[in-house]
Amino acid sequence: FGGEDAIDHVMYCIPYGTTNGGVDGNRSWLAYALVNHPRSVYNHFWCGLSSATIHEVGHNLGLLHSSQGDQEYDDVTGMMGFSIYQEYGPRSCFNARKNWHLGWFDDRSIDLTDSIKTS
């Protein structure tokens, strides 16, 4: 296929009961992805849930978790906080800060600091 450089994204859907590869043998893991890398891995039914897919692909695109205070997943304004089990949802995507980080709206934004005049 031309190697990993030719791949945009690869999702691995792992059967239920598989360990997360850690020394603890945890079988209740949900999903994980590498930051700025085309690979994401999902445990069983989490592979088909949009909340998990959006969250993990966010990592693939370079996004980190959205925190609230000192709680890593507590910002629920977008999909990089806590991922929920919801079959037909959620009806959200990345929050404004994450969209800005991705540069998705660079062609529709202006920098107002250039027009500020100081005395």
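Here the structure is shown first, and the text comes after it.
A brief report on the enclosed structure follows. The residue numbers shown here count from 1 along each chain, following its written sequence. Under the rules for a predicted model, residues below a pLDDT of 70 receive no local features and side-chain atom pairs below 80 are neither given nor counted, while totals for whole chains, interfaces and linings still include all residues. Only hydrogens and water are removed before side-chain values are computed, so all heavy atoms of the structure are retained for them.

## Considering the sheet that holds strand β1 (residues 10-14)
Logical step 1: Whether two strands pair comes down to DSSP finding at least two bridges between them. The numbering of helices and of strands both runs from the N terminus, where a helix is a DSSP run of H or I of at least 4 residues and a strand a run of E of at least 2. Spatially, three strands are ordered β1-β3-β2 in an open sheet, and the strand pairing comes out mixed. The open sheet has two edge strands with one neighbour each: β1 and β2 (31-33). Averaged over all adjacent pairs, the angle separating strand axes in this sheet is 15 degrees, with direction ignored.
Logical step 2: Examined bridge by bridge, β2 and strand β3 (residues 39-43) share three bridges and lie antiparallel to one another. Following the sheet pairing, Ala31 is matched in β3 by Tyr42.
Logical step 3: By definition in these notes, contact holds between two residues if any of their heavy atoms fall within 4.5 Å. Angles shown run from 0 to 180 degrees and are taken between the N-to-C directions of axes, each axis being a line fitted to C-alpha atoms and, for helices, limited to the stretch in contact. Its contacts with the sheet place helix α1 (residues 50-60) against β1, β2 and β3, and it is angled at close to 150 degrees to β3.

## Some thoughts on unusual backbone geometry
Logical step 1: Here Asn36, not a glycine, exhibits a phi torsion of approximately 60 degrees, which is positive.
Logical step 2: You can see Asn36 is positioned in the loop between β2 and β3.
Logical step 3: The phi torsion at His44 lies on the positive side, around 55 degrees, for a residue other than glycine.
Logical step 4: Exposed residues in this analysis have more than 50% of their type's maximum accessible area, buried residues have under 20%, and partly exposed residues fall in between, with area computed by a 1.4 Å probe over protein chains only. With a relative accessible area of 41%, His44 lands in the partly exposed category.

## Regarding a nonpolar patch on the surface
Logical step 1: Side chains of Leu61, Trp104 and Phe105 sit close together on the surface and give an oily, nonpolar patch of about 290 Å² of accessible area.
Logical step 2: Along the chain, Phe105 falls in the segment after α2 (96-102). Without a salt bridge and with relative accessible area above 30%, a residue can belong to a patch; like charges are then joined within 9 Å and nonpolar side chains (Val, Leu, Ile, Met, Phe, Trp, Tyr) within 5 Å. The method behind every accessible area is Shrake-Rupley, applied with a 1.4 Å probe, and residues are considered shielded solely by the protein chains displayed. Salt bridges are counted wherever a side-chain nitrogen of Lys or Arg sits within 4 Å of a carboxyl oxygen of Asp or Glu.

## Focus on the packing of aromatic side chains
Logical step 1: Here the aromatic set is Phe, Tyr and Trp, taking the six-membered ring for Trp, and pairing holds for ring centres within 6.5 Å; pairs whose planes are under 30 degrees apart are stacked, those over 60 apart are edge-to-face, and all others are tilted. One pass over the structure, following the stated rule, counts two aromatic pairs.
Logical step 2: Residues Phe94 and Trp104 carry aromatic rings whose centres are separated by 5.8 Å and whose planes lie at 50 degrees to one another, so their mutual orientation is tilted. Of the two residues, Phe94 sits in the loop between α1 and α2 while Trp104 sits in the segment after α2, which places them 10 residues apart along the sequence.
Logical step 3: Assessed through its relative accessible area of 9%, Phe94 is described here as buried.
Logical step 4: By relative accessible area, which is 40% here, Trp104 ends up partly exposed.

## What about α1?
One full turn of an α-helix is made of 3.6 residues, so residues set three or four places apart face in the same direction.
Logical step 1: Most of α1 is tucked away, with eight of its 11 residues classed as buried.
Logical step 2: For α1, every residue scored as buried is listed here: Ser51, Ala52, Thr53, His55, Glu56, Gly58, His59 and Asn60.
Logical step 3: Elements in contact with the buried residues of α1: β1, β2 and β3.
Logical step 4: Note on α1: the residue one or two positions beyond its end, Gly62, has a positive phi of about 105 degrees.

## Details of the side chain of Glu56
Logical step 1: Positionally, Glu56 belongs in helix α1.
Logical step 2: Positive charges are assigned to Lys and Arg, negative charges to Asp and Glu, while His and the chain termini are left out of the count. No salt bridge is formed by the buried Glu56; its nearest oppositely charged neighbour, Arg39, is found at 12 Å.
Logical step 3: Residues adjacent in sequence count toward polar contacts only when both atoms are side-chain atoms; beyond that, a polar contact is any pair of N or O atoms within 3.5 Å, and within protein one must be able to donate a hydrogen and the other to accept it. Polar side-chain contacts of Glu56 include one of 3.1 Å to the backbone nitrogen of Ala33.
Logical step 4: The residues contacting Glu56, other than those within four sequence positions of it, are Ala31, Tyr32, Ala33, Ser40 and Tyr42.

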